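Okay, here's what each chain looks like letter by letter:
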Amino acid sequence: MRAMILEQVGKPLQLREISPPTPREGQLLIKVRTCGLCRTDLHVVDGDLKHPRLPLIPGHQIVGEVADISRGGGKFLKGTRVGIPWLGGSCGQCKFCKSGRENLCDNALYTGYQIDGGFAEYCTADERFCIPLPKNYPDLQAAPLLCAGLIGYRALRMTGEAKRLGFYGFGASAHILIQVARYQKREVYAFTREGDISGQGFAKKLGAVWAGFSTETPPHPLDAAIIFAPVGELVPLALKAVDKGGIVVCAGIHMSDIPSFSYSLLWEERIIRSVANLTRQDGEEFMALAPLVPVQTEVTAYPLEKANQALDDLRHGRFHGAAVIAVS
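Residues numbered from 1 in each chain as written. Predicted model: local features only at pLDDT ≥ 70, side-chain atom pairs only at ≥ 80, totals over all residues. Heavy atoms only, no water.

Engineer: Any chance you could explain the packing of helix α4 (residues 148-157) against helix α5 (residues 172-183) here in plain terms?
Structural biologist: Between α4 and α5, the shortest axis-to-axis distance is 8 Å and the interhelical angle comes to 55°. When the axis of α4 is compared with that of α5, the two are oblique. Crossing handedness for the pair α4 and α5: right-handed. Only A172, S173, I176, L177 and V180 of α5 make contact with α4, whose side of the interface consists of A148, G149, G152, Y153 and L156. The residue makeup of the contact of α4 with α5, split by class, is seven nonpolar, three polar and no charged. (Axes fitted to C-alpha atoms, helices over the stretch in contact; angles between N-to-C directions. Helix = DSSP H or I, 4+ residues; strand = E, 2+ residues; numbered from the N terminus. Parallel < 35°, antiparallel > 145°, perpendicular 65-115°, else oblique. Left-handed = near helix turned anticlockwise from the far one by under 90°. Contact = heavy atoms within 4.5 Å. Nonpolar A, V, L, I, M, F, W, Y, C, P; charged D, E, K, R; others polar.)

Here it is as structure tokens:
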């Protein structure tokens, strides 16, 4: 099979011809159709996330077809379309797993980080962590739901009943979550990097009531803010923008250092919290919700051999919405 392989952190992926993987007990063999790109992929390739398993096939928003069920447990039939997300396995025995917080398991395994991912024609996956996909989403449009959608959904849940939401960074997650927020009758205020007028226009097109640069003050105090961009300097800016009792949710897996700030920004019961990974329950809930909204993903497709170009375009914000590798 063809695969794009990370052989050295900080270096471009290499297109290689290798043998398809052999499923182990409890695993399915998946014929990959599409695989979404995520900023986490950049963090893995660039070395922000330490100690990836090398050599590694990245990619963790996988839409594929079950090709071999001989080692599985009977959850899926051969030919079934499934999604494979970031969380690829957990121990099932620790206090986190037993309390519905498998996303915090110390022995969790992550697709495209410790497990070979979807930048290839085939992959294997633990059957228990594969997600059924809504039928009315084509392969390209379904891929971003598996991380941009799921992590965004988990972050949105952390904001409680907040009515005025600020989104810092308007990329793949934000363009999905604004649709969910509007469905839930919330207002979204979009913040972009300096000079990104195009991104602000994209946010307004999707229903943002206001869009501006991250250094600007919104016209109304926010009830909550979600920071999608991996930029620590946004945390004090978001704290300034939220009202008393407001929540600032950091939705990324990696962020640059947060600068020191006055306690007055945190005072009056403002809250800062992070979101870590996802659970299978998040997947089930979001995949049921997405068709009701209905969430529509805007994607830019790349062939497998152009994965490095796709990563570079993501790094420099050269497209709106999400990027997806069309594998087969």
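Engineer: Can you help me understand the nonpolar core in this one?
Structural biologist: A general feature of soluble globular proteins is that nonpolar side chains tend to end up buried together. In this structure, F119, F167, F170 and I325 are the most contacted members of the largest nonpolar core, which totals 96 residues. Top element by residues in this core is α5. It accounts for seven residues. Not counting the four nearest positions on each side in its chain, I325 is found in contact with R33, T34, C35, L37, F119, Y302, P303, L304, A307 and A310. (Core = buried A, V, L, I, M, F, W, Y, C linked by side-chain atoms within 4.5 Å. Buried < 20%, exposed > 50% of the residue type's maximum accessible area, 1.4 Å probe, protein only.)

Engineer: Please explain the environment of V180 as it appears in this structure.
Structural biologist: By the secondary structure assignment, V180 is in helix α5. On the accessibility criterion, V180 (1% relative accessible area) is buried. Separated by 110 residues in the primary sequence, V180 and A290 place their C-alpha atoms 7.8 Å from one another.

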